[in-house]
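What the coordinates show
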Amino acid sequence: MTHRFHEYMELTKPRVVALLVFCAVIGMFLAVPGVPPWRALVFGTLGIWMASGSAAAFNHLIDQRIDKVMARTAHRPLATGHLTPRQVLTFALALGALSMLVLVLLVNPLTALLTFGGLIGYAVIYTAYLKRATPQNIVIGGLAGAIPPVLGWTAVTGALHPFALQLCLIIFVWTPPHFWALAIFRRDDYSRAQVPMLPVTHGVVFTRWHVLFYTILLVLVTLLPALTGYSGWIYLGGAVVLGAGFLYYAIRLLDPPDEFFAMKVFNYSIVYLMALFAFLLADHWLMEPLPSHPQGMVFERAG
């Protein structure tokens, strides 16, 4: 029973989902002064986690052929035959339906709608189509993975706000250099699985330059919260230091000391994003907080 539970949990990609939920929770705390209302914090986090886990399970189901031939994913429960496609489909549908019920009934319809859009964007548009259609798959499909801070914000306020959209933009631009670093290291896997990742279709050198270009763009985008007045010098200082570190790794990747350096870039990118959002939260608490219902909202739910 315990082994079967762990197999189902693996379908949810716990480490990936943990990062997504972390960004969503930071979005909740940034939306209001102090601590967000417990109802939105608890049920919003639960609903977003379940929806993210459902999307990950659909990813396992759609990618089962690819997973079987890639060393990185060959151990997954569906690839090994420990779970059947029917079991995975049932689990993904049930988890997705429960997430929508929680968000609609206990949070708000806007968060449920945006979360559903993110689920479809990752599970269907990216996994089923873009991943196999274009080497720009991770760029176009990155929006689905960039939406968690927006979900956290709307869970608390019931409305969209330009600051939440800036946070979404940061993750959207962060995704290509983060994932392409992994794709460089795993390019033989992707080639064997016939997935048109950028290192496979355009070569490693081309991809390394793209990692650098997107890292430069990322550093510039991360300045927006400070330049637009939503964050202060604490965040700005952290963003500059973290950005300098990412630039170092991206530049070093052009002529890496060894094959494993791409994974060092990948691992740094994860630490980078978590630390960047931690600086956002620290700045929010230590500097003058945003009002609980800031002006400039671009969409509000009816009623």
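Heads up: the structure comes first, above all this text.
These remarks concern the structure in this document.

Cut-offs applied
Residues numbered from 1 in each chain as written. Predicted model: local features only at pLDDT ≥ 70, side-chain atom pairs only at ≥ 80, totals over all residues. Heavy atoms only, no water. Helix = DSSP H or I, 4+ residues; strand = E, 2+ residues; numbered from the N terminus. Contact = heavy atoms within 4.5 Å. Core = buried A, V, L, I, M, F, W, Y, C linked by side-chain atoms within 4.5 Å. Buried < 20%, exposed > 50% of the residue type's maximum accessible area, 1.4 Å probe, protein only. Salt bridge = Lys/Arg side-chain N within 4 Å of Asp/Glu carboxyl O. Axes fitted to C-alpha atoms, helices over the stretch in contact; angles between N-to-C directions. Parallel < 35°, antiparallel > 145°, perpendicular 65-115°, else oblique. Left-handed = near helix turned anticlockwise from the far one by under 90°. Nonpolar A, V, L, I, M, F, W, Y, C, P; charged D, E, K, R; others polar. 1 Å grid on protein atoms, 1.4 Å probe; cavity = no way out; pocket = protein on both sides within 12 Å on 5 of 7 lines; lining within 4 Å. Points joined across faces, edges and corners; volume = space filled by probe spheres on them. Expected span 1.5 Å × (residues − 1).

Turning our eyes to something else, we now look at the environment of A155. Turning to its location among the elements, A155 is positioned in helix α10 (residues 148-157). The spacing of A155 and V35 is 120 residues in sequence and 13 Å in space, taken between C-alpha atoms. What A155 contacts, discounting residues up to four positions off in sequence, is M28, A40, G44, V107, N108 and T111.

Counting residues in each nonpolar core, the largest one holds 88 residues, and the members touching the most others are W174, Y272 and F277. The leading source of residues in this core is helix α11 (residues 162-185), at 14 residues.

Structurally, D189 is set in helix α12 (residues 187-192). Those residues in contact with D189 that sit more than four places away from it in its chain are V69, M70, A71 and R72.

Tallying each qualifying case throughout the model produces six salt bridges. Note that K131 and D63 form a salt bridge whose closest N and O atoms lie 2.6 Å from each other. With K131 in helix α7 (residues 109-133) and D63 in the loop between α3 (38-62) and α4 (64-69), this pair connects stretches of sequence that are 68 residues apart. The exposure classification of K131 matches that of D63, with both residues buried. R76 is paired through a salt bridge with D67; the nearest N and O atoms lie 3.2 Å apart.

Once that is clear, we can look at unusual backbone geometry. You will see that K13, though not glycine, has its phi angle at about 50°, which is positive. Among the structural elements, K13 can be located in the loop between α1 (2-11) and α2 (14-31). We classify K13 as buried; its relative accessible area is 14%. With a phi close to 60°, Q194 is a non-glycine residue in the positive phi region. Tracing the backbone through its elements, the reader meets Q194 in the loop between α12 and α13 (198-202). Overall, Q194 belongs to the exposed group, its relative accessible area being 66%.

With that out of the way, let us pick up the side chain of T215. Inspection of the secondary structure puts T215 in helix α14 (residues 204-221). If we ignore the near neighbours within four places in the chain, the residues touching T215 are P177, F246, L247 and A250.

To continue, consider the packing of α2 against helix α17 (residues 261-286). At a minimum axis separation of 10 Å, α2 and α17 run at an interaxial angle of 15°. Put simply, α2 runs roughly parallel to α17. The two elements α2 and α17 cross, and the hand of that crossing is left-handed. On the side of α2, the interface is formed by L19, F22, C23, I26, F29 and L30, while α17 contributes I270, L273, M274, F277, L280, L281, H284 and W285.

With that out of the way, let us pick up the packing of α14 against helix α16 (residues 233-253). Interhelical geometry of α14 versus α16 gives an angle of 165° and a closest axis separation of 9 Å. As judged from the angle between their axes, α14 and α16 are roughly antiparallel. Crossing geometry of α14 relative to α16 is assigned as left-handed. For the pair α14 and α16, the contacting residues are R208, V211, L212, T215, I216, L218 and V219 in the first and G243, F246, L247, A250, I251 and L253 in the second. Tallied by class, residues from the contact of α14 with α16 come to 10 nonpolar, two polar and one charged.

So, on to empty space enclosed by the protein. Considering all chains together, one arrives at one cavity of 30 Å³ or more under this definition. Lining the largest cavity, in full, are I184, R208, L253, P256, D258, E259, F261 and A262. Of the residues assigned to the lining of the largest cavity, the class counts are five nonpolar, no polar and three charged.

In this fold, A244 is placed in helix α16. Residue A244 is classed as partly exposed on the basis of its relative accessible area, which comes to 44%.

A few words now on α2. In an α-helix, one full turn covers 3.6 residues, which means residues spaced three or four apart are oriented alike. Taking 1.5 Å per residue as the helical rise, α2 with its 18 residues ought to reach 26 Å, and the 25 Å between its terminal C-alpha atoms agrees with that figure. On its buried face, α2 is in contact with α3, α10, α11 and α17.

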